[in-house]
Amino acid sequence: MTDDAPLTSTPPRARRRSSLLRTVLGVAIAAVLAAWLPFTVMYVTALERRTAAVAVTWKSGHAVLTTKTSGGQTIQTAAPASQPTQTPVSVTTRSS
Amino acid sequence: MTPADPTHQLFWFASRAFGTVAIVLLAVSVALGLAMSGRLIKRPGLPAKLRRFHEASTLVTLALIVVHGGLLLFDAFLRPGLAGIALPFAMSYRSLFTGIGIIGGWLAAILGLSFYVRRWIGAKTWRKLHRFTIVAYLLAVGHVVGAGTDGRSPWMLALLAGLTAPIVFAFTYRVLPAAARNRPRAGRGGAPARHPAPSARLVTQRS
């Protein structure tokens with residue numbers, strides 16, 4: 001009977017600490033899982049914006065690069081097929 | 001100008017996502033603290049559980065703030081450096097509002113962790129310090145609106161309004177004098193309060 005005593009009587013401070021640790025772990029796991037939602041939304045939104053913003057078409061031997069600015073303005077850049085080394089330099093912005 | 005490749009912005013998105021969760025958890029922690037100190041929650045046994053959750057959510061919020069800032073170190077576009085994420089107004093990107101966020105983060109850390117040194121600073125000093133936690137929340141809101149890319153988007157403003165409303169309510173209730181909080185509703189035929197506030201009892205004894 002006396003051997004069981006240490007198992008059943010945990011000091012209140014240690015009990016409080018382990019209970020707090022369990023709660024901290026639970027909240028931390030929930031927080032990491034919750035962060036997936038805004039992360040996915042941000043990533044998908046940025047991906048959609050980029051897909052919509054850049055388009056390449058061919059017109060009479062020219063590659064026409066159509067880009068949309070964040071203000072909605074459309075810019076078209078034509079690269080002649082005879083000048084393959086002149087590739088358009090992309091300027092990246094952080095709009096998302 | 002074209003938007004940057006999203007795959008090159010993973011740390012940027014992750015930082016913002018953790019920042020969003022951090023402000024939610026900070027709001028929950030502040031609202032709970034105000035509700036407990038204002039004695040809004042009276043059900044037996046519940047305050048002890050809520051106190052534990054308040055402490056746990058504060059610790060996790062502080063960890064999320066560290067993760068939010070730390071992930072920016074790996075962002076190839078921003079490159080803030082350690083000084084940029086730790087010192088107010090040192091970052092070139094929206095320096096005023098990032099600075100406000102850094103001050104808010106430090107304030108939250110100092111006020112949150114002061115709980116563990118209250119034996120040395122004294123319970124009275126700690127309680128006085130702890131009242132400024134609402135300032136840390138307000139600075140965080142300012143940081144989200146001013147520095148966050150989604151700060152002025154409808155969903156973020158709706159989220160902030162939803163988080164701030166209970167805090168405003170609990171804060172107003174907390175600062176109201178006890179007599180005003182427990183005043184029985186006269187003129188409606190309602191019975192007087194079963195447990196009048198100490199101040200109300202005092203008035204009864206005097207008259």
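The present account deals with the structure reproduced in this document. Since this is a predicted model, take the numbers as computed values, not measurements.

The helix and strand inventory of chain A stands at 2 helices and 4 strands. Sequence-distant contacts, at least 24 apart, represent 17% of the contacts inside chain A between residues at least 6 apart.

With that settled, consider the packing of helix H1 (residues 10-37) of chain B against helix H2 (residues 46-72) of chain B. Residue and element names in this part refer to chain B. At a minimum axis separation of 8 Å, H1 and H2 run at an interaxial angle of 155 degrees. It follows that H1 is roughly antiparallel to H2 by the angle criterion. In the crossing of H1 with H2, the sense of the turn from one axis to the other is left-handed. Class assignment of the residues belonging to the contact of H1 with H2 gives a composition of 19 nonpolar, 9 polar and 1 charged.

Turning to the packing of helix H7 (residues 133-147) of chain B against helix H8 (residues 154-175) of chain B, a few remarks are in order. Residues and elements named next belong to chain B. Running from N to C, H7 and H8 point in directions that differ by 165 degrees, and their axes come no closer than 12 Å. By the angle class used here, H7 and H8 are roughly antiparallel. For the crossing formed where H7 meets H8, the hand is left-handed. For the pair formed by H7 and H8, the contact residues are Ile134, Tyr137, Val141 and Val144 on the first element and Met156, Leu160, Thr164, Ile167 and Phe171 on the second. Residue composition of the contact of H7 with H8, by class: 8 nonpolar, 1 polar and no charged.

Here is what the cut-offs are and how they apply
- Residues numbered from 1 in each chain as written.
- Chains lettered and ligands numbered in written order.
- Predicted model: local features only at pLDDT ≥ 70, side-chain atom pairs only at ≥ 80, totals over all residues.
- Helix = DSSP H or I, 4+ residues; strand = E, 2+ residues; numbered from the N terminus.
- Contact = placed C-beta atoms within 7 Å.
- Axes fitted to C-alpha atoms, helices over the stretch in contact; angles between N-to-C directions.
- Parallel < 35°, antiparallel > 145°, perpendicular 65-115°, else oblique.
- Left-handed = near helix turned anticlockwise from the far one by under 90°.
- Nonpolar A, V, L, I, M, F, W, Y, C, P; charged D, E, K, R; others polar.

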